[in-house]
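Coordinate inspection notes
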Amino acid sequence: MGSGKVTEGQGLSWEGKHVTVAGLGVSGIPAAKVLHGLGALVTVVNDGADERSRAQAADLEALGITVRLGDGATLPGGTELIVTTPGWQPDKPLFTAAREAGVPVWGDVELAWRLRGRDGKKPAPWLAVTGTNGKTTTVQMLASVLKAAGLRTAAVGNIGVSVLDAVLGDEQYDVLAVELSSYQLHWAPSVRAHSAAVLNLAPDHLDWHGSMEAYAADKGRIYEGNRVACVYNVADKATEELVREADVEEGCRAIGFTLGSPGPSQLGVVDGILVDRAFVEDRQRNAQELAEVSDVNPPAPHNIANALAAAALARAFGVPAKAVRDGLRAFTPDAHRIAHVADVDGVAYIDDSKATNTHAAEASLAAYESIVWIAGGLAKGATFDELVAKSAKRLRGVVLIGADRALIAEALARHAPEVPVVDLARTDTGAMLAAVQEAQRLAAAGDTVLLAPACASMDMFANYTKRGDAFAQAVRELGA
């Protein structure tokens, strides 16, 4: 890791500054209101002009904010700064025009970072998490551990609570647990965390980033300027490489987490115990017990890895071992993340609708021994050969749903030809009940029926939550 100190500056005057906000929605609207309140001259541009957009525009215009609907490509005259919602791709014409005009582009996370401490309160340090999968769970675990240590904290970022709200709200925090997506990191050039973790790296959102290299580089931004610890996944060498490339503060350490026995400066697992050999005296010879594997809910391998990453960040902040144990015990995972729905006739039904890509599905499949797998949806350009090859020995049967199910069927034919496959040639929402019924037919006592689609849901459902709800309802109908 390199060394370089970054000087923060919260003294920027917003009065009369011409700021363009790119996009309405959950981050664009709050950003526009905050900037307007600071005295900036705000123009919001938005590609869409549907009924919802018009209603949002009317609310902003009533405050004196200019809104241009159906024209997100043209740079408004006089723009000195663009604040963009995370989903707007870097190759949009608006940003091309901004680069040519020398106009900087920030995301809402960058704006929040710049606004910390404007009210005179001491800014709370950030413990930041990114990765292809597991971000939300890890941040929620981290917040639970920090609370168990008696710290005032919140889980914020790409998780439902915006960083902007946390930074500008009335609550005084000791530390923030911050989830950051690759989109948010791309538009956050000056964010400098106390400590940060990259959980894993697998191909995702490549249509947005343009290449795996660009995607990884944006993830790696989370390590820039770290003060205490850069936490990486020992089993994923790409995350360690991002640490090596990062420019951090003098004294910042590389801390690994592993499902195996930890070496010095690592956290790992020994005989069912989560162990710290990083934040102890004489880490060459000593270790600190943190918690038992059974304290992690659920104790699936990828979730134990999440817990170790959360523990590493908490320990970097000085949290005692007891708080790690207590926080992990208190943590309850969100719905649709390897959630146990019911047991019916000796078969466990598990909802991991959140497994919307192959990397997440692979982790989910690795958690069970004998599986009837319900999979399919929108592939988003993914291929399934590696996933199927790694998981074939665990599959008792497969039920395929959704628009791109043929891609999975072809991978199964190549790598698991002996596994029975049911191909449901329908994409209506009622297909989930049929899928669960077919899975029940394939399953025997002791098996797990696992919804881990490895695909997005929008071909059949509004989102992965609705897909998981449909699965749970179908399971309930089995047991009725």
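Each remark here, short or long, concerns the structure printed above.
One structure accompanies this document, and this report is about it. (Residues numbered from 1 in each chain as written. Predicted model: local features only at pLDDT ≥ 70, side-chain atom pairs only at ≥ 80, totals over all residues. Heavy atoms only, no water.)

Let's shift gears to helix α11 (residues 301-316). Counted at 1.5 Å a residue, the expected span for α11 with its 16 residues is 22 Å, and the 23 Å between its end C-alpha atoms agrees. Across the 16 residues of α11, 14 count as buried, placing the element largely inside the fold. (Helix = DSSP H or I, 4+ residues; strand = E, 2+ residues; numbered from the N terminus. Expected span 1.5 Å × (residues − 1). Buried < 20%, exposed > 50% of the residue type's maximum accessible area, 1.4 Å probe, protein only.)

As a working rule, side chains carrying opposite charge can pair if their charged atoms are close by. Tallied over the full model, the rule gives 21 salt bridges. In this structure, Arg 68 and Asp 71 form a salt bridge, with 3.3 Å as the shortest nitrogen-oxygen distance. The exposure class assigned to Asp 71 is partly exposed, which follows from its relative accessible area of 26%. Note that Lys 322 and Asp 326 form a salt bridge whose closest N and O atoms lie 2.7 Å from each other. On the criterion of helical spacing, the pair formed by Lys 322 and Asp 326 is a turn pair, its members being 4 residues apart in helix α12 (residues 321-330). (Salt bridge = Lys/Arg side-chain N within 4 Å of Asp/Glu carboxyl O.)

Where strands meet in a sheet, backbone hydrogen bonds hold them as pairs that are either parallel or antiparallel. Across the sheet, which stays open at both edges, the 9 strands sit in the order β8-β9-β7-β10-β11-β13-β14-β15-β16 with mixed pairing between neighbours. Every interior strand has two partners, whereas the edge strands, β8 (155-157) and β16 (288-292), have only one. Neighbouring strand axes in the sheet, compared pairwise and without regard to direction, differ in orientation by 25° on average. Pairing of strand β13 (residues 253-257) with strand β14 (residues 266-270), which is carried by 2 bridges, proceeds in the parallel orientation. Each bridged residue has a counterpart across the sheet, and for Phe 257 the counterpart in β14 is Leu 267. Docked against the sheet, helix α10 (residues 237-245) engages β10 (195-198), β11 (229-233) and β13, running at close to 160° with respect to β11. (Pairing = 2+ DSSP bridges. Axes fitted to C-alpha atoms, helices over the stretch in contact; angles between N-to-C directions. Contact = heavy atoms within 4.5 Å.)

Looking now at helix α1 (residues 28-37). Residues of α1 that are buried: Gly 28, Ile 29, Ala 31, Ala 32 and Leu 35. For α1, the angular spread of the buried residues around the axis is 165°, confining them to a single face. Close packing links the buried residues of α1 with β2 (18-22), β3 (41-46), α2 (51-62), β5 (81-84), α4 (108-115) and α6 (163-168). Looking at the residues trailing α1, positive phi occurs at Gly 39, about 100°. (Arc of directions from axis to C-beta.)

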